[in-house]
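Here is what each chain is made of, one letter per residue.
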Protein chains: 2
Amino acid sequence: MSVSSQDIPTAAISRLVIYLRILEALEAAEISRTSSSDLAERAQVTAFQVRKDLAYFGRFGTRGMGYTVPLLKRELMRVLGLNRTWNVVIMGMGRLGQAVANYPGASDYQFGYVGLFDIDPELVGREIRGLKVQHADELKGFVQTRPVDLGFLAVPPEHAQAAAQTLVSAGIRGILNFAPTMIQPRLIPGSSEVESEWKAVSVENVDFLAGMKRLAFYTLNPHLRPSELKPSELSSTELEA
Amino acid sequence: MSVSSQDIPTAAISRLVIYLRILEALEAAEISRTSSSDLAERAQVTAFQVRKDLAYFGRFGTRGMGYTVPLLKRELMRVLGLNRTWNVVIMGMGRLGQAVANYPGASDYQFGYVGLFDIDPELVGREIRGLKVQHADELKGFVQTRPVDLGFLAVPPEHAQAAAQTLVSAGIRGILNFAPTMIQPRLIPGSSEVESEWKAVSVENVDFLAGMKRLAFYTLNPHLRPSELKPSELSSTELEA
C-alpha cells in the first residue's frame, strides 16, 4: 500500500468508505465504468475532492477514460484493509450485542466473530451463533490462545469505558463502539501506563443517535435536503477520471 | 429558526451533531465556556469551519468572549429539532429492532416509540417495551389514529426497500435505516406517483459497516490516525468565539 505518514484527513477515509459503497451499488447494477464527476455526484462532493481523496493512495484511473468499477472497488478494499480476514470479539451480549452478532453484512467483509463475552451470569454459557458466551474475565487468556484483531463494544453506556479498558488491556488495538457514549483515548483518565497502552488503539463510534439527530433536522427542514438525483440519472456515466 | 432555503451542506449538519455531542461532554464535565477554536480542536476541524457552520443558523457567541456551553447546547438542540418530542414506529422487531427499541439514549432526546411492526407471526402479538408488536399491514391504519413522525427500519436488507415503501405510503416522512443497505429515494424505481410520494421524505442510514471499514483502515494504519488531544487539554478553553 502506498500510504505514507502524511496527514490524511479522517473525512477522506469516511469518503473512501462512501465511494466503496457507491462502487458496490454500481457493480450490482452491472455498470462497469465510472468517473470522478460521476462518483462526486453520487457522493455529493466535488469531483476535485474525489480525485484528491483517491490520490492519497495511488493512481487508479486513466485520464479521459475514468475508472473501471470492479478494479477501483478492489483497490479501495485493499486500501481499507477489507481484503483480509478480521478476527473479532464482541464484548456485551445483551440485545445490542446479539443484534451486532447477527447483523447481516459483516461477513461480506470477512469480519468473523471468534469470541463473545459478557459479565451477566444469565448470558455467560449461552450459545449464540455457534459460540459459547464467555465471562469477560476470560478475555485476556482467550486473546493469548488465538489472534484477535478487533473488539466490538455493545455494553450499556455506563460500562463502556471500563469494558473498552478490558479490551485494550487484553491487547486489542481496534474498538468499534456501539454504546451510546464516546470512547475516546483522550478521555481515559489517569496513569501514563494506561495512556501509553492506548497510544496504538483506534476507536470508531457507531452512533445511532447522530443519525436520529440528522433525521430530526431534515424531517423538520425538508427544503434543506441536498437535491436528489433522478432515478434516470443512475445509469449515466461520464468518462473523465 | 432563522434557517432559509440557502444551500447548507449535509456535512455541516453532521458537524452540528458533533458539536452538540462535544457540548454535552463539556457540560457533563462542568465546563461552562468554550470557543470556536476549542470546539474546532475537539471536533478536528478548523475554527473557521465551526464559525461558518454555526453562522448558517444565527449568531450564538460574543466576539472575544466565546460561547456559553449550556446556551449553545440549547440553541443547537433547537436548530436540530431536538427540543420537541418525536413519535417513532419501528418496522422490523427481530434482534436488530429489539436492540433499537432498547437502545439507551434515544429517550434522552424525546424519541418515543409509539408502535412496533413486523410481518413474522412469531413476533406479531409479542409485547416489547410495553407495546404489542403489530402486523405491518396495520401500519397505515395506525398512522391515521395518531401522529407518527419517524420510522426506524430494522428489517433484513432484502426487505428494506419494500418496508421503506410501506412507511412512506403510510405517510411517514422521516426514515432511519438500520438495514445494511442503502435506502435512497433516488433508487426507488418507477412511477411518477411513487417518486412524488418520496419527494418530502428524508432518509438517514445508520451504517454499522462504515464504522467497521474505517476501523479496519485505522487499525492497519495507526500512524495515520489524527493526533489525539491529551487528557489534560480537556479542561482548557480559549475565549474567542
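Definitions and limits used
- Residues numbered from 1 in each chain as written.
- Chains lettered and ligands numbered in written order.
- Predicted model: local features only at pLDDT ≥ 70, side-chain atom pairs only at ≥ 80, totals over all residues.
- Heavy atoms only, no water.
- Helix = DSSP H or I, 4+ residues; strand = E, 2+ residues; numbered from the N terminus.
- Buried < 20%, exposed > 50% of the residue type's maximum accessible area, 1.4 Å probe, protein only.
- Contact = heavy atoms within 4.5 Å.
- Phe/Tyr/Trp six-rings, centres within 6.5 Å; stacked < 30°, edge-to-face > 60°.
- Lys NZ or Arg CZ within 6 Å of the ring centre and 35° of its normal.
- Least-squares fit on C-alpha atoms with pLDDT ≥ 70 in both.
- Salt bridge = Lys/Arg side-chain N within 4 Å of Asp/Glu carboxyl O.
- Buried area = accessible area lost by both parts, 1.4 Å probe.
- Polar contact = N/O pair within 3.5 Å; in protein donor to acceptor, adjacent residues only side chain to side chain.
- Nonpolar A, V, L, I, M, F, W, Y, C, P; charged D, E, K, R; others polar.
- Expected span 1.5 Å × (residues − 1).
- Pairing = 2+ DSSP bridges.
- Right-handed = clockwise from strand over helix to strand, strands pointing away.
- UniProt positions renumbered as here; feature names shortened; annotations may be inferred.
- pLDDT = per-residue confidence, 0-100.

Peer 1: Please clarify how the overall build of chain A should be interpreted in this entry.
Peer 2: What chain A contains, in helices and strands, is nine helices and ten strands. Counting the 241 residues in chain A, one finds 51% classified as buried. Within chain A, residue pairs in contact and separated by at least 24 positions form 68% of the contacts whose partners lie at least 6 positions apart.

Peer 1: Help me out: how do you make sense of the packing of aromatic side chains in this one?
Peer 2: The geometry of an aromatic ring pair comes down to the distance between the two centres and the angle between the two planes. Residues and elements named next belong to chain A. Going through the model one piece at a time under the given rule, you end up with 21 aromatic pairs over all chains. On the numbers, 6.5 Å between centres and 45° between planes, the contact of F111 with F152 is tilted. Linking F111 in strand β4 (residues 111–118) with F152 in strand β8 (residues 150–153), this pair joins segments that are 41 residues apart in sequence. Residue class for F111 comes out buried when judged on its relative accessible area of 4%. The side chain of R84 reaches across the aromatic face of W86, ending 3.9 Å from its centre.

Peer 1: Which parts of the structure should I look at to understand the relation of the copies chain B and chain A?
Peer 2: Between the two copies of this chain, the relationship is a rotation about some axis together with a displacement along it. For the pair chain B and chain A, the best superposition has an RMSD of 0.0 Å and corresponds to a rotation of 180° with a translation of 0.0 Å parallel to the axis. Those values place the two copies in the arrangement expected of a two-fold rotation axis.

Peer 1: How do you make sense of the pattern of salt bridges when you look at a structure like this?
Peer 2: Side-chain pairing between opposite charges can occur once the charged atoms of the two side chains come close. Residue and element names in this part refer to chain B. Here the structure, examined in full by the defined rule, presents twelve salt bridges over all chains. A salt bridge links D149 to R84, with the shortest nitrogen-to-oxygen separation between them at 3.2 Å. With a gap of 65 residues between them, D149 in the loop between α6 (139–145) and β8 (150–153) and R84 in the loop between α4 (69–80) and β3 (86–91) connect regions that are remote in the sequence. Note on R84: relative accessible area 28%, which makes it partly exposed.

Peer 1: Explanation requested: the interface of chain B and chain A in the structure shown.
Peer 2: Size of an interface, as often reported, equals the accessible area lost when the parts are brought together. Listed per partner, the contact involves 83 residues of chain B and 83 residues of chain A. Regarding the contact of chain B and chain A, the summed buried area is about 7400 Å², with carbon and sulfur atoms giving 69% of it. A salt bridge links R214 of chain B to E204 of chain A; its shortest N-O distance comes to 2.8 Å. At the surface where chain B touches chain A, the tally comes to ten residue pairs in polar contact (both at pLDDT 80 or more). Mapped onto the side of chain B that touches chain A, the elements with two or more residues apiece are α1 (10–28), α4, α5 (95–101), β4 (111–118), β8, β9 (174–177), β10 (202–205) and α9 (208–220) of chain B. Sorting elements by how many residues they give to the side of chain B that touches chain A places α9 of chain B first, with 13 residues. For the side of chain B that touches chain A, the residue count by class is 51 nonpolar, 16 polar and 16 charged.

Peer 1: Can you walk me through helix α9 (residues 208–220) of chain A in this structure?
Peer 2: Structurally, the α-helix is built with 3.6 residues per turn, so residues lying three or four positions apart point the same way. Residue and element names in this part refer to chain A. Across its 13 residues, α9 extends 19 Å between first and last C-alpha, which sits within 8% of the 18 Å expected from 1.5 Å per residue. Of all 13 residues making up α9, twelve are buried, and the element is well covered by its neighbours. Those residues of α9 lying buried are F208, L209, A210, G211, M212, K213, R214, L215, A216, F217, Y218 and T219.

Peer 1: I keep staring at the environment of I13 of chain A and nothing clicks. Help me out?
Peer 2: Note on placement: I13 of chain A falls in helix α1 (residues 10–28). When the C-alpha positions of I13 of chain A and D53 of chain A are compared, they lie 8.0 Å apart, and in sequence the two are 40 residues distant. When near neighbours in sequence (up to four residues on either side) are disregarded, I13 of chain A contacts I8, F57 and L80 of chain A together with R214, F217 and Y218 of chain B.

Peer 1: Help me understand the pairing of strand β3 (residues 86–91) of chain A in this model?
Peer 2: Consecutive side chains of a regular strand alternate in pointing toward one face of the sheet and then the other. Residue and element names in this part refer to chain A. The element β3 is largely enclosed, with a buried count of five among its six residues. Examined bridge by bridge, β3 and β4 share six bridges and lie parallel to one another. Paired with I90 across the bridge in β4 is L116. Crossover β3 to β4 through helix α5 (residues 95–101) is right-handed. Of the strand pairs in this sheet, β3 and β8 are connected by four bridges, and their pairing is parallel. By the bridge assignment for β8, V89 is matched with G151.

Peer 1: Can you walk me through the UniProt feature "DNA-binding region" (unreviewed entry) in chain A in this structure?
Peer 2: Sites flagged by UniProt as "DNA-binding region" (unreviewed entry) map to residues 18–57 of chain A. Strand forms 5% of residues 18–57 of chain A and helix 70%; the C-alpha atoms that close the span are 16 Å apart.

Peer 1: What am I meant to see in the confidence of the model for chain A here?
Peer 2: With 86% of its residues at a pLDDT of 70 or more, chain A has an overall mean of 84. Confidence scores differ between elements of chain A, with helix α8 (residues 192–198) of chain A showing the lowest mean pLDDT of 69 and strand β7 (residues 134–135) of chain A the highest of 98.

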